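Fold and geometry: a report
What follows is each chain in one-letter form.
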Amino acid sequence: MIGPNVSIITTGHLLEPSQRRAATIGKPIVIEKNEWIVASATIIGGVTVGENLVVAAGSVVTKDVPPNTLVGGNLAWVIRSIGD
């Protein structure tokens, strides 16, 4: 499930000012099954969000996150494990 205003961003630009307009850089995002990405969360390229994960509202995910967890914050961190 993906809430409103979620951003899944797979592209970026080089940091050097002279190179920023020269190319874009694409990095894949892996979203495993049974996810809940809550409103206004942002997922940045190059990460895998694990199975059964909940990403809290407004969070910014910049690193891989393990399955069966609740992550939140800017930058997102594991708040706790979740289960059935």
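Keep in mind it's a predicted model, so treat the numbers as computed, not measured.

What to know about unusual backbone geometry
That bond from N74 to L75 is cis: its omega, 10°, falls within 30 degrees of zero. With respect to the helices and strands, L75 occurs in the loop between β10 (69–72) and β11 (77–81). Phi at N52 is positive, roughly 65°, even though this residue is not glycine. Assignment of secondary structure puts N52 in the loop between β7 (48–49) and β8 (54–55). Within the chain, N68 stands out as a residue other than glycine whose phi angle is a positive 60°. As for its placement among the helices and strands, N68 is situated in the loop between β9 (60–61) and β10. The class for N68 is partly exposed, based on a relative accessible area of 32%.

A few points about a nonpolar patch on the surface
There is a patch of nonpolar side chains on the surface, built from I2, I8 and I31 and spanning about 250 Å² of accessible area. With respect to the secondary-structure elements, I2 resides in the segment before β1 (7–9). By relative accessible area, I2 is classed as exposed at 54%.

Rules of the game
Residues numbered from 1 in each chain as written. Predicted model: local features only at pLDDT ≥ 70, side-chain atom pairs only at ≥ 80, totals over all residues. Heavy atoms only, no water. Helix = DSSP H or I, 4+ residues; strand = E, 2+ residues; numbered from the N terminus. Buried < 20%, exposed > 50% of the residue type's maximum accessible area, 1.4 Å probe, protein only. Patch = residues over 30% accessible without salt bridge, like charges linked within 9 Å, V, L, I, M, F, W, Y side chains within 5 Å. Areas by Shrake-Rupley, 256 points an atom, 1.4 Å probe, with all protein chains shown as cover. Salt bridge = Lys/Arg side-chain N within 4 Å of Asp/Glu carboxyl O.

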